[in-house]
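# Structural features, examined
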Amino acid sequence: MPWFSIEGDALSEAQIVEGVDRLLAEARLRIKKDLKRVLLLPPDLTRAHSGAGKITELLYKALPGAHIAVIPTLGQHVPHTEEENKWMFGSIPHSIIEAHDWRKGVTHVGVIPAELVRETTGGKADWEIPVDLNSTLIDQQWDLIVNIGHVVPHEVLGFANHNKNYFIGLGGKDTICASHIAAAVYGIENNLGCLVTPLRACYNWAEEKLLGGLPDVYLQIVMRRDEQNKLVTSGIFIGDDLETYLQAARKSREQNITVFDKPIKKIVAVMQPDEFRATWVANKAVYRTRMAIADGGELLILAPGVERFGEQPEVDALIRKYGYKGTERTLALYKTEADMQAIPHGVAHLIHGSSEGRFTIRYAPGHLTQAEIEQVGYEYADVNAMQERYSPAKMKEGWNTMPDGEEVFYISTPSAGLWATKEKLNDPARRDLSEGV
């Protein structure tokens with residue numbers, strides 16, 4: 001059973017502090033010992049808008065005298081700088097914030113069997129997923145592990161957070177690669193907004209079978225837009241079981257999915273420069289809006305902070321070489337190209353970031369050239385000109401009519417939701433494995 005939840009139109013700071021204090025009090029009662037060694041697992045800075053960094057700081061301050069370690073669940077993302085840690089986590093000392101090393105800092109804990117992967121994906125993926133997780137998590141003894149995260153629609157797992165923090169956020173290269181390519185071949189639009197996708201079903205199995213001994217609890221944040229279109233916290237859900245996740249995901253499904261009767265001709269999406277510096281993460285604008293865009297339509301991405309494609313040099317090189325040019329082409333190359341086979345999660349990203357030729361993706365990056373953008377299969381726009389025309393200071397969330405009569409749908413935080421037509425959401429190919437859970 002979930003431990004407890006706090007819900008409301010917009011939770012106050014006092015309510016969030018109350019939730020943190022109650023979590024720690026409940027944990028002491030449940031584990032029947034003091035909390036001398038505590039591991040905090042927040043998201044990375046691409047989820048900074050969720051307030052998870054502040055909640056992590058509240059937990060840290062509420063445990064004076066305890067030995068605390070903090071590991072942002074980076075997955076394969078670039079580690080935070082000291083300045084970024086201070087911006088996100090406030091007074092938590094940089095010295096206790098560990099950068100997850102997805103290549104060398106992991107311990108093997110088991111395998112998700114190929115048969116389970118085959119069964120959940122309907123045969124689209126048929127390989128095992130090795131489970132290699134952060135060595136600090138696995139090899140050290142902890143009195144309590146707190147997973148902190150934002151539950152929001154997600155392209156790989158239906159909704160983000162819960163045990164994604166372990167298997168992606170703290171996963172090793174083989175785990176991340178095998179997982180991402182499985183989700184990609186299953187189909188991004190079959191995953192988005194489903195409570196339990198095939199990959200999450202595999203992770204749920206792995207958590208039960210391989211991580212049952214961990215003294216952990218999830219603190220899951222759900223946000224909504226208020227009447228002024230400002231993101232506010234509408235719920236925090238605390239517990240150590242699957243139902244805790246399902247409660248949060250159901251609330252996110254109600255509040256974070258915008259449904260349209262007919263497709264949209266043009267969407268303008270903004271990716272904030274302090275969070276999004278590579279198309280690897282800025283392409284959340286593509287993932288979260290693709291189910292709403294009309295055939296022949298356009299997605300314009302204003303990305304003043306984008307300076308590269310991949311989060312690592314080898315992934316950046318892969319994107320530059322092969323581009324975002326469709327699932328069929330990408331999977332055909334994957335069968336023969338050694339550099340693709342070496343980093344399958346990069347291949348999955350190429351699939352996720354393509355419109356499959358159905359609509360135009362136009363990037364307005366701060367630090368990439370027109371030639372670089374067009375080389376990977378996108379159209380280019382000048383960021384200064386686009387920010388002048390579609391000024392984030394003047395545009396309102398949702399529909400806008402420009403002075404020349406152009407109608408666009410404006411999204412200021414694509415990573416905080418999902419936009420889709422009724423037809424796409426009701427596609428029979430979208431199997432939600434939460435039924436019967």
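This text gives an overview of the structure that appears in the document. What you see is a predicted model; the values in this text were computed from it and never measured.

About the criteria used
Residues numbered from 1 in each chain as written. Predicted model: local features only at pLDDT ≥ 70, side-chain atom pairs only at ≥ 80, totals over all residues. Heavy atoms only, no water. Core = buried A, V, L, I, M, F, W, Y, C linked by side-chain atoms within 4.5 Å. Buried < 20%, exposed > 50% of the residue type's maximum accessible area, 1.4 Å probe, protein only. Contact = heavy atoms within 4.5 Å. Salt bridge = Lys/Arg side-chain N within 4 Å of Asp/Glu carboxyl O. Helix = DSSP H or I, 4+ residues; strand = E, 2+ residues; numbered from the N terminus. Pairing = 2+ DSSP bridges. Axes fitted to C-alpha atoms, helices over the stretch in contact; angles between N-to-C directions. Arc of directions from axis to C-beta. 1 Å grid on protein atoms, 1.4 Å probe; cavity = no way out; pocket = protein on both sides within 12 Å on 5 of 7 lines; lining within 4 Å. Points joined across faces, edges and corners; volume = space filled by probe spheres on them. Parallel < 35°, antiparallel > 145°, perpendicular 65-115°, else oblique. Left-handed = near helix turned anticlockwise from the far one by under 90°. Nonpolar A, V, L, I, M, F, W, Y, C, P; charged D, E, K, R; others polar. Polar contact = N/O pair within 3.5 Å; in protein donor to acceptor, adjacent residues only side chain to side chain. Phe/Tyr/Trp six-rings, centres within 6.5 Å; stacked < 30°, edge-to-face > 60°. Lys NZ or Arg CZ within 6 Å of the ring centre and 35° of its normal.

### Re the nonpolar core
- By size, the foremost hydrophobic cluster in this structure holds 60 residues, and its most contacted members are Ile 267, Leu 299, Ile 301, Ile 319 and Tyr 363.
- Once residues within four sequence positions are removed from consideration, Tyr 363 is found in contact with Thr 279, Ala 282, Asn 283, Ile 301, Ala 303, Ile 373, Tyr 378, Glu 379, Tyr 380 and Ala 381.
- Listed in part, the 36 residues of the second largest apolar core include Phe 4, Ala 52, Ile 92 and Leu 144.

### Description of the pattern of salt bridges
- Tallying each qualifying case throughout the model produces 28 salt bridges.
- In this structure, the salt-bridge partner of Lys 33 is Asp 143, at a minimum N-O distance of 3.3 Å. Taken together, the residues span a long stretch of sequence, with Lys 33 in the loop between helix H1 (13–31) and strand E2 (37–41) and Asp 143 in the loop between helix H5 (135–139) and strand E6 (144–150) at a distance of 110 residues.
- With a relative accessible area of 46%, Lys 33 lands in the partly exposed category.
- When salt bridges with common partners are traced through the structure, they connect Lys 266, Glu 298, Arg 362, Arg 389, Asp 404 and Glu 406 into a single cluster.

### As for unusual backbone geometry
- Although it is not a glycine, Asn 229 sits at a positive phi angle of roughly 65°.
- Position of Asn 229 among the secondary structure elements: in the loop between strand E9 (216–225) and strand E10 (231–239).
- Residue classification places Asn 229 among the partly exposed residues on the basis of a relative accessible area of 33%.
- One non-glycine residue, Glu 356, lies in the positive phi region at around 60°.
- Tracing the backbone through its elements, the reader meets Glu 356 in the loop between helix H16 (344–352) and strand E14 (360–365).

### Structural notes on the sheet that holds E2
- Read from one edge of the open sheet, 6 strands run E1-E10-E9-E6-E2-E3, paired in mixed fashion. Across the chains shown, the open sheet's two edge strands, defined by having one partner strand only, are strand E1 (4–7) and strand E3 (67–70). The sheet shows a mean angle of 15° between the axes of neighbouring strands, taken without regard to direction.
- With 4 bridges joining them, E1 and E10 adopt antiparallel strand pairing. Bridge assignment links Ser 5 to a residue of E10, and that residue is Phe 237.

### Examining helix H13 (residues 313–322)
- By the burial criterion, the buried members of H13 are Val 315, Asp 316, Leu 318, Ile 319 and Tyr 322. All buried residues of H13 project into a common sector of 160° when viewed along the axis, lining one side. Away from its buried face by more than 90 degrees, H13 exposes Pro 313 and Lys 321.
- Residues of H13 that are buried sit in contact with helix H11 (279–282), helix H14 (327–334), helix H15 (338–342) and H16.

### Some thoughts on the sheet that holds strand E12 (residues 264–270)
- Strand order in this open sheet of 6 strands is E15-E14-E13-E12-E17-E16, and the pairing throughout is mixed. Edge positions in the sheet fall to strand E15 (379–380) and strand E16 (398–401), since each of these pairs with one other strand and no more.
- Where E12 lies against strand E13 (residues 293–303), 6 bridges are found, and the strand directions are parallel. Its bridge partner being in E13, Ile 264 is matched across the sheet by Ile 293.

### Observations regarding empty space enclosed by the protein
- Following the criterion strictly, the structure yields 2 cavities of 30 Å³ or more and no others.
- Here the largest cavity is characterised by a volume of approximately 400 Å³.
- Counting residues per element, the ones that place at least two in the lining of the largest cavity are E6, helix H6 (164–167), H11, helix H12 (284–289) and H16.
- For the lining of the largest cavity, the leading source of residues is H16, giving 4 residues.
- Approximately 70 Å³ is the volume attributed to the second largest cavity.
- Lining the second largest cavity we find Val 117, Thr 120, Thr 121, Ile 129, Val 156, Ala 182, Ala 183, Tyr 186, Asn 191, Pro 198, Leu 199 and Cys 202.
- Breaking the lining of the second largest cavity down by element, the ones donating at least two residues are helix H4 (114–120), helix H7 (173–186) and helix H9 (198–210).

### Here we look at the packing of H14 against H16
- At a minimum axis separation of 9 Å, H14 and H16 run at an interaxial angle of 160°. Relative to H16, H14 is oriented roughly antiparallel. Read as a crossing pair, H14 and H16 show a hand that is right-handed. Here H14 contributes Thr 327, Thr 330, Leu 331 and Tyr 334 to the contact with H16, which in turn contributes Pro 344, Val 347, Leu 350 and Ile 351.
- For the contact of H14 with H16, a count of residues per class yields 6 nonpolar, 2 polar and no charged.

### Observations regarding the side chain of Glu 155
- Counting through the fold element by element, Glu 155 comes out in the loop between strand E7 (153–154) and strand E8 (158–159).
- Looking at Glu 155, its side chain comes within polar contact range of the side chain of Arg 288, at 3.1 Å.
- Those residues in contact with Glu 155 that sit more than four places away from it in its chain are Ile 188, Asn 191, Leu 192, Lys 284, Tyr 287, Arg 288 and His 352.

### A look at the packing of aromatic side chains
- Considering all chains together, one arrives at 7 aromatic pairs under this definition.
- The interplanar angle of 25° and the centroid separation of 4.7 Å between the aromatic rings of Phe 167 and Tyr 203 together place this pair among those described as stacked. Separated by 36 residues along the polypeptide, Phe 167 in helix H6 and Tyr 203 in helix H9 bring together distant segments of the chain. Each member of the pair, Phe 167 as well as Tyr 203, carries the same accessibility label: buried.
- Among the aromatic residues, ring-to-ring pairing joins Tyr 166, Phe 167, Tyr 203 and Tyr 218 into one connected group.
- Directly above the ring of Tyr 245 sits Arg 200, whose terminal nitrogen or CZ lies 4.1 Å from the centroid.

### Observations regarding the pairing of E13
- Burial of E13 is extensive: 9 of the 11 residues sit out of reach of the surface.
- Of the strand pairs in this sheet, E13 and E14 are connected by 6 bridges, and their pairing is parallel. Note that in E14 the partner of Leu 300 across the bridge is Arg 362.

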